[in-house]
Amino acid sequence: MIHLIFGDSAIGSLKHALSEHNHKIIGFPIDFSIGPIRNVYENSGIKSYFTWLENSYHTVWGNFEDNQTMYQQSLQKLADIKHGDQVTIWTCENATEQIGLRIICNLLKEKKLK
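The shown structure was predicted, so the numbers you read here are calculated from the model rather than taken from an experiment.

Calculation notes
- Note on numbering: residues in each chain are counted from 1, in written sequence order.
- Under the rules for a predicted model, residues below a pLDDT of 70 receive no local features and side-chain atom pairs below 80 are neither given nor counted, while totals for whole chains, interfaces and linings still include all residues.
- Here the side-chain values reflect all heavy atoms present in the structure, with hydrogen atoms and water set aside.
- In plain words, nonpolar cores are sets of buried Ala, Val, Leu, Ile, Met, Phe, Trp, Tyr and Cys residues tied together by side-chain atoms within 4.5 Å.
- Here's how the labels work: a residue is buried when its accessible area is under 20% of the maximum for its type, exposed when over 50%, partly exposed in between, all with a 1.4 Å probe on protein chains only.
- Strands here are runs of E lasting at least two residues and helices are runs of H or I lasting at least four, both read from the DSSP assignment and numbered beginning at the N terminus.
- Here, residues are in contact when the closest pair of their heavy atoms is within 4.5 Å.
- In this description, strands pair whenever DSSP reports at least two bridges between them.
- Only the stretch in contact is used when fitting a helix axis, every axis being a line fitted to C-alpha atoms; angles between N-to-C directions are given from 0 to 180 degrees.

*Asks:* Is there a simple way to think about the nonpolar core in this case?
*Replies:* Soluble, globular proteins show a tendency: their nonpolar side chains are buried together. Ranked by internal contacts, the top residues of the largest apolar core, which has 22 residues, are Leu-4, Phe-28, Phe-32, Tyr-71 and Ile-81. Mapped by element, the contributors of at least two residues to this core are strand E1 (2–6), strand E2 (24–28), helix H2 (43–57), helix H3 (64–79) and helix H4 (95–108). The residues contacting Tyr-71, other than those within four sequence positions of it, are Phe-28, Pro-29, Ile-30, Phe-32, Val-40, Tyr-41, Ile-46 and Phe-50. Listed in part, the five residues of the second largest apolar core include Ile-5, Leu-14, Leu-18 and Ile-25.

The structure is reproduced here in structure tokens:
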């Protein structure tokens with residue numbers, strides 16, 4: 001089973017909750033409700049998003065490079081999902097998770113998943 005989840009805190013909580021199971025967790029550590037998200041699944045969009053984030057929140061946050069690396073790794077893991085895999089997407093009604101849900105569904109639309 002593969003779980004997709006959004007946000008640093010939620011990622012950590014799900015990893016802890018499922019630590020005794022043989023499940024794969026793909027976490028997306030960015031907040032899709034802020035910043036430019038156009039093509040945020042392509043290199044140019046990722047660069048634009050993280051450049052904007054660093055310029056806008058440089059005094060508040062500091063893990064831009066780590067989050068960018070983790071996000072790019074998560075996109076690669078998402079691309080590696082195979083037809084027939086069982087996938088659960090964890091989401092809520094907030095903006096960041098709803099936008100993330102739509103991005104993920106768009107990226108997975110060609111795969112036949114359980």
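*Asks:* Is there a simple way to explain the sheet that holds strand E3 (residues 87–89) in this structure?
*Replies:* Note on sheets: strands pair through backbone hydrogen bonds, and any given pair is parallel or antiparallel. The three strands are arranged E2-E1-E3 in an open sheet whose pairing can be described as parallel. Each edge of the open sheet is held by one strand with a lone partner, namely E2 and E3. Taking the axes of each pair of neighbouring strands and ignoring which way they run, one obtains an average angle of 20° across the sheet. Pairing analysis gives five bridges linking E1 to E2, with the strands arranged parallel. Bridging across to E2, His-3 finds its partner in Ile-25. Along the sheet, helix H1 (residues 8–17) makes contact with E1 and E2, crossing E1 at roughly 150°. Sheet contacts for H3: E1 and E2; angle to E2, the most-contacted strand, approximately 130°.

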